[in-house]
Amino acid sequence: MLAAVFPEPHQLTVSEISDPTPGPGEVLVAVKAAGVCGTDVHIYEGDFIGAYPVIPGHEFSGDVVALGEGVATAAVGDRVAVQPCLFCETCDYCAAGEGNFCRDLKAYGVHVNGGFADYCVVRAANLVRLGDLSYLAGALLEPLACCIHGIKQLGVVPGDNVVVFGSGPIGLMLAQLARNGGAAMVTVVDPVLDKLAVAAALSMDHALTPTEFQAQRERLAPGGFHLAIDATGVAAVAESLFGVVRDRGRVLFFGVCPQQARISVSPYDVYKRELKVSGTFSLFGEMDAAVRLARSGRVELEKLVSERLPLLAFQTALTRKSRGGNELKIVLEPGT
Ligand SMILES: [Zn+2]
Ligand SMILES: [Zn+2]
């Protein structure tokens, strides 16, 4: 099969390798769509404690084409997406229902071969049924599940004025979830006009450049926003959120800032203004909710895809992703 491989950090090959075989409890998935994510760039750069060599790709969908021994919950021909996390299911965090902090957390496309290949072996227990969803939408279910996990951290209270910084696929999923959660107004901020156009196409209340936001914020949300979300991973943007929310406001850090980045926060402000601050890491148990939201159409996923490329174009996609250009989600389609 054709597969993209990171043999070690900073190395990428896309070449023919032998087809994998599903073991007991596993199935073979013919990958139809696989989303390129910032995490793939981190694995390429060697920032994550991944295992090498590895086939990256943790956001993917396809068809079940073969079953390993003892698989009763899937059938050949099933259209599926994959929940990529491999929880140990025995540690204290897993037992507490906090598996994203599993002491032995692994994931397809990070530590175990993932979806940037014609085929991928996956545990049957990690399959999610697509129903009538497209493969393309199926490839965006994992990031949507992460966004649901994020929104659950601080909630959306009906009537909230919400601002999301970053009009990429993640920002626009979070913005849609906030609107569904009862926000009175959702504002999306991004310097790239092409991305703001997608926010506008998704009927967000306001899609503004940072300059426009500064000029209009007090009129839009007098005294500040109830909930401010960073989906940029830019430390200066994350720092600015404290000045954007009202007293008793909530600040959510979703974007992945560089590990060594530092920001200045006044503990007095957090105390005096009763600010709530939360991070959000990965997902745990949100894939089914993601499928329901995508199938209902209440979260639109296909509009977040800006490019569909063959597997051979992975290097191009990775370079574009690491540069942070104008694109939204880039999806690779093995077999095309
Ligand atoms: Zn991802
Ligand atoms: Zn565990």
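This section reports on the structure supplied with the text. The shown structure was predicted, so the numbers you read here are calculated from the model rather than taken from an experiment.

1. Focus: the overall build of the protein chain
No. 1: A count of helices and strands for the protein chain gives 11 helices and 17 strands.
No. 2: Taken over the C-alpha trace, the protein chain has a radius of gyration of 20 Å; the compact-globule value for 336 residues is 20 Å, and the two agree within 12%.
No. 3: The dimensions of the protein chain, computed from C-alpha atoms along their principal axes, are 60 × 40 × 40 Å.
No. 4: A separation of at least 24 residues holds for 70% of the contacts in the protein chain among residues at least 6 apart in sequence.
No. 5: Of the roughly 14,600 Å² that the protein chain leaves accessible, carbon and sulfur atoms contribute 52%.
No. 6: Treating the 27 positive side-chain charges of the protein chain as one cloud and the 36 negative ones as another, the clouds have centres 7 Å apart.

2. Quick notes on the pairing of strand S13 (residues 225-230)
No. 1: Where burial is concerned, most of S13 is hidden: five out of the six residues are buried.
No. 2: Of the pairings in the sheet, the one linking strand S10 (residues 161-165) to S13 comprises four bridges and is parallel in character. Paired with Val164 across the strands is Ile229, a residue of S13.
No. 3: Alignment of S13 against strand S14 (residues 245-253), held across five bridges, turns out to be parallel. When the bridges of S14 are listed, Asp230 appears paired with Phe253.

3. As for unusual backbone geometry
No. 1: The omega torsion of the bond from Tyr52 to Pro53 falls at 0 degrees, within 30 degrees of zero and hence cis.
No. 2: With respect to the helices and strands, Pro53 occurs in the loop between helix H1 (38-45) and strand S4 (60-67).
No. 3: Positive phi is not limited to glycine here, since His10 has a value of about 70 degrees.
No. 4: In this fold, His10 is placed in the loop between strand S1 (2-5) and strand S2 (13-16).
No. 5: At Glu274, a residue that is not glycine, the phi angle is positive and equals roughly 50 degrees.
No. 6: Summarising the element assignment, Glu274 is placed in the loop between helix H9 (267-272) and strand S15 (276-279).

4. Details of the packing of aromatic side chains
No. 1: All told, the structure shown has 10 aromatic pairs when counted by the stated rule.
No. 2: Measuring from centroid to centroid gives 4.6 Å for Phe116 and Phe314, while their planes differ by 40 degrees, and the two rings are tilted. With a gap of 198 residues between them, Phe116 in the loop between strand S7 (106-107) and strand S8 (119-123) and Phe314 in helix H11 (residues 314-323) connect regions that are remote in the sequence. Here the two residues Phe116 and Phe314 agree in accessibility, since each one is buried.
No. 3: In this structure, Arg79 is placed above the aromatic ring of Tyr135, and the distance from its NZ or CZ to the ring centre is 4.5 Å.

5. Points about the packing of helix H4 (residues 141-154) against helix H5 (residues 169-180)
No. 1: Packing of H4 against H5 brings their axes to within 9 Å, and their N-to-C directions diverge by 50 degrees. Viewed along their axes, H4 and H5 adopt a mutual orientation that is oblique. The handedness of the crossing between H4 and H5 is right-handed. Where H4 approaches H5, its residues Pro143, Leu144, Cys147, Ile148 and Ile151 are matched on the opposing element by Ile170, Met173, Leu174 and Leu177.
No. 2: Here the residues of the contact of H4 with H5 sort into nine nonpolar, no polar and no charged.

6. Quick notes on the coordination of the zinc ion (ligand 2)
No. 1: Around the zinc ion (ligand 2), the donor atoms from the protein are Cys88 (SG), Cys91 (SG), Cys94 (SG) and Cys102 (SG), and they sit 2.3 to 2.4 Å away.
No. 2: The site at the zinc ion (ligand 2) holds four donor atoms, and with the angles between them running 101 to 120 degrees, its shape is tetrahedral.
No. 3: Spacing between the donor residues of the zinc ion (ligand 2) along the chain follows C-x2-C-x2-C-x7-C. Taken together, the residues span a long stretch of sequence, with Cys91 in the loop between strand S6 (85-86) and helix H2 (92-95) and Cys102 in the loop between H2 and S7 at a distance of 11 residues. Across this residue pair, the class does not change: Cys91 and Cys102 are buried.

7. Looking at the side chain of Asp63
No. 1: Structurally, Asp63 can be placed in strand S4.
No. 2: We note that Asp63 is buried and unpaired, the nearest opposite charge coming from Lys32 at a distance of 4.0 Å.
No. 3: When residues no more than four places from it in sequence are discounted, the contact partners of Asp63 are Leu28, Val29, Ala30, Lys32, Asp78, Arg79 and Tyr135.

8. Describing the layout of surface pockets
No. 1: By volume, the second largest pocket amounts to about 270 Å³.
No. 2: When contributions to the lining of the second largest pocket are tallied by element, the ones reaching two or more residues are strand S9 (127-129) and helix H10 (287-296).
No. 3: Looking at which element gives the most residues to the lining of the second largest pocket, the answer is S9, with three residues.

9. As for the coordination of the zinc ion (ligand 1)
No. 1: At this site the zinc ion (ligand 1) is bound by Cys37 (SG), His58 (NE2) and Glu59 (OE), with donor distances of 2.0 to 2.4 Å.
No. 2: One chain supplies every donor to the zinc ion (ligand 1), and in sequence these donors are spaced C-x20-H-E.
No. 3: With relative accessibility at 5%, the residue His58 sits in the buried group.
No. 4: Classification of Glu59 as buried rests on a relative accessible area of 1%.

What counts and how
- Residues numbered from 1 in each chain as written.
- Chains lettered and ligands numbered in written order.
- Predicted model: local features only at pLDDT ≥ 70, side-chain atom pairs only at ≥ 80, totals over all residues.
- Heavy atoms only, no water.
- Helix = DSSP H or I, 4+ residues; strand = E, 2+ residues; numbered from the N terminus.
- Rg over C-alpha atoms; globule rule 2.2 N^0.38 Å.
- Contact = heavy atoms within 4.5 Å.
- Areas by Shrake-Rupley, 256 points an atom, 1.4 Å probe, with all protein chains shown as cover.
- Lys, Arg positive; Asp, Glu negative; His and termini not counted.
- Charge placed at Lys NZ, Arg CZ, Asp CG, Glu CD.
- Buried < 20%, exposed > 50% of the residue type's maximum accessible area, 1.4 Å probe, protein only.
- Pairing = 2+ DSSP bridges.
- Phe/Tyr/Trp six-rings, centres within 6.5 Å; stacked < 30°, edge-to-face > 60°.
- Lys NZ or Arg CZ within 6 Å of the ring centre and 35° of its normal.
- Axes fitted to C-alpha atoms, helices over the stretch in contact; angles between N-to-C directions.
- Parallel < 35°, antiparallel > 145°, perpendicular 65-115°, else oblique.
- Left-handed = near helix turned anticlockwise from the far one by under 90°.
- Nonpolar A, V, L, I, M, F, W, Y, C, P; charged D, E, K, R; others polar.
- Donors = N, O, S within 2.8 Å, 3.2 Å for Na, K, Ca; no water.
- Tetrahedral: all angles 85-135°; square planar, octahedral: opposite > 155°, others 65-115°.
- Salt bridge = Lys/Arg side-chain N within 4 Å of Asp/Glu carboxyl O.
- 1 Å grid on protein atoms, 1.4 Å probe; cavity = no way out; pocket = protein on both sides within 12 Å on 5 of 7 lines; lining within 4 Å.
- Points joined across faces, edges and corners; volume = space filled by probe spheres on them.

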